[in-house]
Amino acid sequence: MEPITGSASASSSSSRSAHPPFTAAAGGIGTCRTMGVASNVLMPWSFRCALSRSVMLNPVAIRDGFVFERAAIAAWFSKGNRTNPVTGKPLESLDLRPEIPLRKA
């Protein structure tokens, strides 16, 4: 999942080229918790929330499979949004499913 770049209708190819997954120039440095110790490490964009652009500590999936930080997607929904913030498509359900494997990664 690539981060949002401006509007929900931005093409994924432009997002992908603008944010290579493992480069510091693309903002790939993130804070990682390892055994309670925070350290700066190269972080793939798939570990970042498309809304907050921060490393996800409590990742959840929405109905169509996109993954976000729980607090960020909850805030999106609380503003009355009923669409996927990446695609702009309406969501059938606002249910959130914990992404345990990603949280443990």
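Residues numbered from 1 in each chain as written. Predicted model: local features only at pLDDT ≥ 70, side-chain atom pairs only at ≥ 80, totals over all residues. Heavy atoms only, no water.

## Observations concerning the overall build of the protein
When you go through the protein residue by residue, the secondary structure sums to three helices and five strands. Listing each helix as α and each strand as β along the protein from the N terminus yields α-β-β-β-β-α-β-α. Relative to its 105 residues, the protein shows a buried fraction of 30%. Expressed as a percentage of contacts within the protein between residues at least 6 apart in sequence, the contacts between residues at least 24 apart total 37%. (Helix = DSSP H or I, 4+ residues; strand = E, 2+ residues; numbered from the N terminus. Buried < 20%, exposed > 50% of the residue type's maximum accessible area, 1.4 Å probe, protein only. Contact = heavy atoms within 4.5 Å.)

## Regarding the nonpolar core
Formed by 13 residues in total, the largest nonpolar core has its most connected members in C49, I62, F68, I73 and F77. Sorting elements by how many residues they give to this core places helix α2 (residues 70-78) first, with three residues. In contact with F77, not counting residues within four places along its chain, are I62, R82, T83, L91, L94 and L96. (Core = buried A, V, L, I, M, F, W, Y, C linked by side-chain atoms within 4.5 Å.)

## Quick notes on the environment of S54
Tracing the backbone shows S54 in the loop between β2 (37-42) and β3 (59-61). Separated by 15 residues in sequence, S54 and E69 place their C-alpha atoms 8.3 Å apart. Setting aside anything within four residues of it in sequence, one finds S54 in contact with F47, R48 and C49.

## Some words on the confidence of the model for the protein
Residues with a pLDDT of 70 or more make up 61% of the protein, whose mean pLDDT is 72. Per-residue pLDDT, averaged within each element of the protein, yields its smallest value for helix α1 (residues 12-18) (38) and its largest for α2 (96). A low-confidence stretch, residues 1-35 stays under pLDDT 50, and its non-local contacts, those more than four residues away or across chains, total 71 contacts. (pLDDT = per-residue confidence, 0-100.)

## Some details on α2
What α2 keeps buried is the set A72, I73 and F77. Each buried residue of α2 lies within a common arc of 135° when the element is viewed along its axis, so the set occupies one face. Facing away from the buried side of α2 by over 90 degrees, the exposed positions are A71 and S78. Contacts from the buried residues of α2 go to β3 and β4 (67-69). Phi turns positive one or two residues past the end of α2, at G80, with a value near 95°. (Arc of directions from axis to C-beta.)

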